[in-house]
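The chain contents come next:
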2 protein chains.
Amino acid sequence: MFQQLFKSIQEKVIVTQEEMELCKTFFIPKKLRKKQTLLQEGDICIYNAFIEKGILRSFYIDEKGNEHLVQFAIEGWWITDLSSFLTNSHSIYTIEALEDSELLLLTTAAREALMDQIPMFERYQRLLLQNAYIANQARINSALTETAEEKYINLGNAYPGIVKRVPQHMIASYLGLTPETLSRVRKQISNKS
Amino acid sequence: MFQQLFKSIQEKVIVTQEEMELCKTFFIPKKLRKKQTLLQEGDICIYNAFIEKGILRSFYIDEKGNEHLVQFAIEGWWITDLSSFLTNSHSIYTIEALEDSELLLLTTAAREALMDQIPMFERYQRLLLQNAYIANQARINSALTETAEEKYINLGNAYPGIVKRVPQHMIASYLGLTPETLSRVRKQISNKS
DNA sequence: AATTTTAATTGATTTAAATCAAGAGAATTT
DNA sequence: AAATTCTCTTGATTTAAATCAATTAAAATT
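Residues numbered from 1 in each chain as written. Chains lettered and ligands numbered in written order. Predicted model: local features only at pLDDT ≥ 70, side-chain atom pairs only at ≥ 80, totals over all residues. Heavy atoms only, no water.

Student: Describe in detail the sheet that holds strand 4 (residues 55-61) of chain A, supporting the description with residues and values.
Tutor: With respect to topology, four strands assemble into an open sheet ordered 2-7-4-5 (chain A), the strand pairing being antiparallel. What marks the edges here is a single partner per strand, and that holds for strand 2 (37-39) and strand 5 (67-74) of chain A. For this sheet, the mean angle separating the axes of adjacent strands, direction not counted, is 25°. Where strand 4 of chain A and strand 5 of chain A come together, seven bridges link them in antiparallel fashion. Residue A:R57 lies in a different strand from strand 5 of chain A, and its bridge partner there is A:F72. Strand contacts of helix 5 (residues 119-145) of chain B: strand 4 and strand 5 of chain A, with the helix running at about 130° to strand 5 of chain A, the strand carrying the most contacts. (Pairing = 2+ DSSP bridges. Helix = DSSP H or I, 4+ residues; strand = E, 2+ residues; numbered from the N terminus. Axes fitted to C-alpha atoms, helices over the stretch in contact; angles between N-to-C directions. Contact = heavy atoms within 4.5 Å.)

Structure (structure tokens):
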């Protein structure tokens, strides 16, 4: 149950065996079946979720009723609505499993206790955030400057696992494209080669 | 010289007077005149810069020769190329002062030493990153889903100080718009009211 | 297996923003 | 103060992607 989490932590910081065992006690294991949700729009996000197995997405519906896919997350990644989680505010996002998934949940209190008791866990969290910051910066650049075709190709190169695993209209939504546009882009690419 | 920095830290964490004094010794004060650069494209970013006074921008030039404004930063904010800073890789960004500015610089080594010696400084850095992550998430949503007009109005509401202080074509670049489009958007808005 | 629902494709048309081009207005520099 | 450079505006045209609409294909449910 904790394989992926331990791997993720040990890739970033050095922790003792005892700390690892202590760490375990803070997490709540949780299974989600496909289409079940971890967070519903309007609720307060009380969990920071680590994914041991499966794949989830977070999305929101805008005033015009359009759905926007904010994030995908697979094994070894974390997912939450950080804004709602940190400030106890009502979330505009829904977080949903796209496949049957196994999660490890951290409440705000458990996360803070863990960071107080194991300073290396705070470092681990900071390092995760640094990587997420860099990835988001890349996504901003992509969204602002790339064509539809470039966005799709670059996403496929960066995260082939996700592109293969997820319905095409969700990829389109993640890239800020309509499903029709993505379908045409794919055709154009396949015609080239 | 350290007013803004101390204010920023004390807003986020609790530190003793001694820690604050210790903290000072890790920073290198630096003044930049307008148009001078902290980082040149191709160089390795060795500083994490806190802005005591002034305003800076980071930008890059793409293959087609177009300039893209990545970030503005004003008093009380940090600026760096985190990717280059953390991995010692050559930066694609240039960081430049838009006004005469006063900075406090942290090298990678100083930053790490500071985080080791003052755990609350690591917490401070994590909290900054959390806020940056949330802000970037909002910018991604904006870039992917908003019209030119919405982008401009929302930026003006979120950061009126920046929009007033900076040439219009830089705002356009930050929003991923051409200067012509932003000029027309502004005209349209002023015609409405 | 048949039916319903969901997903993807394709075509015609519209639209928001980019591009190209020229000129007016500001701000620096000499 | 004149000249140069930089910034913003306005107009005409093009273009990438969205929208609208219909059909086919695939997946899920009964």
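Moving on from the coordinates now.
Student: How would you sum up the relation of the copies chain A and chain B? Please name residues and give values.
Tutor: Mapping chain A onto chain B is achieved by rotating through 180° and translating by 0.0 Å along the same axis, at an RMSD of 0.0 Å. Accordingly, the operation relating the two chain copies is best matched by a two-fold axis. Take the interface residues of chain A: 100% of them recur as interface residues in chain B, which is what a same-surface contact looks like. (Least-squares fit on C-alpha atoms with pLDDT ≥ 70 in both.)

Student: Kindly report on the packing of aromatic side chains, identifying the contributing residues and their values.
Tutor: Pairs of aromatic rings are described using the distance from one ring centre to the other and the angle between the two planes. Residue and element names in this part refer to chain A. All chains considered together, the criterion is met by 18 aromatic pairs over all chains. Look at F72 and Y174: their rings are 5.3 Å apart centre to centre, the planes differ by 40°, and that puts the pair in the tilted class. Note that F72 is positioned in strand 5 and Y174 in helix 8 (residues 168-175), a separation of 102 residues in sequence. In this pair, the class of F72 matches that of Y174, namely buried. (Phe/Tyr/Trp six-rings, centres within 6.5 Å; stacked < 30°, edge-to-face > 60°. Buried < 20%, exposed > 50% of the residue type's maximum accessible area, 1.4 Å probe, protein only.)

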